[in-house]
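Per-entry structural report
Listed below, chain by chain, are the residues.
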Amino acid sequence: MTTGIVYDDIYLEHDIGTHVESHERLIAIMDFLKEKKLLEDPSYRIIKPRKATLDQIRYVHRERIIKEIQEICELSAKTQRLQYIDDGDTIASPKTYEASLFSVGGNLQAADEIINGNIKNAFALVRPPGHHSNSHRFAGFCIFNNIAITAEYLFREKGIKKVVIIDWDCHHGNGTQDIFYQGSKSDSGELVMFNSHQYGYFYPGTGNFDEIGKGKGAGKIINYPMPAGSADDVIPIYLKEIIIPICEEFKPEFILISAGFDTHWTDQLTNMNWTYQAPAEYLQKIKTIAQKYADERILITLEGGYQLDKQARAVYNCLRVLNNEDNNLIKEELRTSGQKLLDYYNNRLIPALKDKLSSYWNCF
Ligand SMILES: [Zn+2]
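The following paragraphs examine the structure supplied in this document. The residue count restarts for each chain, going from 1 along the sequence in the order it is written. Local features in this predicted model are restricted to residues of pLDDT 70 or higher, and side-chain atom pairs are both shown and tallied only at a pLDDT of 80 or more, whereas totals for entire chains, interfaces and linings draw on every residue. Only hydrogens and water are set aside; all other atoms, that is, all heavy atoms of the structure, feed into the side-chain values.

**Here we look at the coordination of the zinc ion**
Note that water is not among the atoms considered, so a metal site may appear incomplete; the donors listed are N, O and S atoms within 2.8 Å of the metal, with 3.2 Å applied to Na, K and Ca. For the zinc ion, every protein donor is listed as Asp169 (OD), His171 (ND1) and Asp262 (OD), and the spread of their distances is 2.0 to 2.1 Å. Read in sequence order, the donor residues coordinating the zinc ion give the pattern D-x1-H-x90-D. One end of the pair, aspartate 169, is in the loop between strand E6 (162-167) and helix H6 (174-180); the other, aspartate 262, is in the loop between strand E9 (254-259) and helix H8 (278-293), with 93 residues separating them in the sequence. Like aspartate 262, aspartate 169 is buried. Counting from the N terminus, the helices are DSSP H or I runs at least four residues long and the strands are E runs at least two residues long. Here's how the labels work: a residue is buried when its accessible area is under 20% of the maximum for its type, exposed when over 50%, partly exposed in between, all with a 1.4 Å probe on protein chains only.

Given below as structure tokens:
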């Protein structure tokens, strides 16, 4: 069976110059995969994206912002200038709207191929990213919320009933959380979202442990706020104490991952302490859950990551894990959080989270 890699040069045409979320991020990843000859290995296959339809974009976004981004891109083409959205954080070029449709559509194409059995799992190397955008606002370098639309697509067009989203980008997946705070938008789907992110005087400021969803979504939004300096060793705690028990009870049919690689200790926008093998080790455990319940179905979509060489290595490692080559990772020296931080996780955060979630999950 094959691991799919969604990629197309259209993603470079969301060209926002020297912005940190630049097209150079994808070029660096693809160059590294070529250098390592990973793309010559027949157990990986490049998947060409398609355009998502406007009806699919409307699964999570309001008409007003869909029109807004079209108009902003038309203005950018007419004036030949980049256009600023969201107080200047998020930028659009003439081709941003089109690249955004392909960014969503790349994920949908990969989901189809996984469900049809053409590939086992996939990594969508797409941009613009999506996890900060909600139904009515573009934010944090993001245009359409790729992963939220994919989840709704699985519910509405593919007959999937239970989806887990895991967001390990260093920034809280606030857009995705907003969209699903009161549960999935479609009546037929059930969704659980796990976030892990830097927390405390840090963008976007949301994602404390007590944000757990409402109504149909109550108990299904789970946040793991990480203080600055947290290293690889805080992930196994989250997996063992929270993610695995809930997944054992929920039994997801499909796992979607919002994968940011800005948790690396050298990343210029963040203050975390992860190595570039840490996300792959997170993924190994998620893969075990997928093997048990989800017919191995995992789709990873790219979010942030701003230290280009480190991000490329982290993506490479995740691709090796998707293809069951867990022993073929590139590793750097292990980093640790220190006892004080580990005490916060074990003695404060985990008990508080379990207490908050205990009315919704039998495992607690
Ligand atoms: Zn991020």
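**A few points about helix H5 (residues 146-157)**
Since the α-helix advances by 3.6 residues per turn, residues separated by three or four positions end up pointing in the same direction. Expected span of a helix: the number of residues minus one, times 1.5 Å. Over its 12 residues, H5 runs 16 Å from end to end, which matches the ideal 16 Å to within 8%, given 1.5 Å per residue. Within H5 the residues assigned to the buried category are Asn146, Ile147, Ala148, Ile149, Thr150, Ala151, Glu152, Tyr153, Leu154 and Phe155. Positive backbone phi, at 70°, marks glycine 159, one or two positions downstream of H5.

**Let's talk about the packing of aromatic side chains**
Two rings belonging to Phe, Tyr or Trp (six-membered ring only in the last case) form a pair when the distance between their centres is within 6.5 Å. Interplanar angles under 30 degrees mark stacking, angles over 60 mark edge-to-face geometry, and anything in between is tilted. Taken as a whole, this structure holds 14 aromatic pairs when the rule is applied. Between tyrosine 224 and tyrosine 345, the aromatic rings sit 5.3 Å apart at their centres with planes inclined by 40°, giving tilted as the arrangement. Here the residue tyrosine 224 occupies a position in strand E8 (residues 221-226), and tyrosine 345 occupies one in helix H10 (residues 339-357), the gap between them amounting to 121 residues. The exposure class assigned to tyrosine 224 is buried, which follows from its relative accessible area of 1%. Given the relative accessible area of 0%, tyrosine 345 is considered buried. Ring centres 6.3 Å apart and planes at 85° place the aromatic pair phenylalanine 250 and tryptophan 361 in the edge-to-face group. Highlighted residues: phenylalanine 250 in helix H7 (residues 235-250) and tryptophan 361 in the segment after H10, separated in sequence by 111 residues. Residue phenylalanine 250 shares its accessibility class with tryptophan 361, and that shared class is buried. These aromatic residues form a ring-pair network of at least three members: Phe123, Trp168, Phe261, Trp274 and Tyr282.

**What to know about the pattern of salt bridges**
By definition, a salt bridge exists where a carboxyl oxygen of Asp or Glu is found within 4 Å of a side-chain nitrogen of Lys or Arg. This model, assessed by the stated rule, comprises 23 salt bridges. Two residues, glutamate 13 and lysine 95, come together in a salt bridge whose shortest N-O distance is 3.7 Å. Taken together, the residues glutamate 13 in the loop between strand E1 (3-6) and helix H1 (24-35) and lysine 95 in the loop between strand E4 (90-92) and helix H4 (96-116) connect sequence positions 82 residues apart. You can call glutamate 13 partly exposed: its relative accessible area is 35%. A relative accessible area of 35% means that lysine 95 is categorised as partly exposed. Arginine 320 serves as the salt-bridge partner of aspartate 41, at 3.9 Å between the closest nitrogen and oxygen. Separated by 279 residues along the polypeptide, aspartate 41 in the loop between H1 and strand E2 (44-47) and arginine 320 in helix H9 (residues 308-322) bring together distant segments of the chain. Overall, aspartate 41 belongs to the partly exposed group, its relative accessible area being 22%. Assessed through its relative accessible area of 6%, arginine 320 is described here as buried. Residues participating in the shared-partner salt-bridge network are Asp55, Arg58, Glu63 and Lys67.

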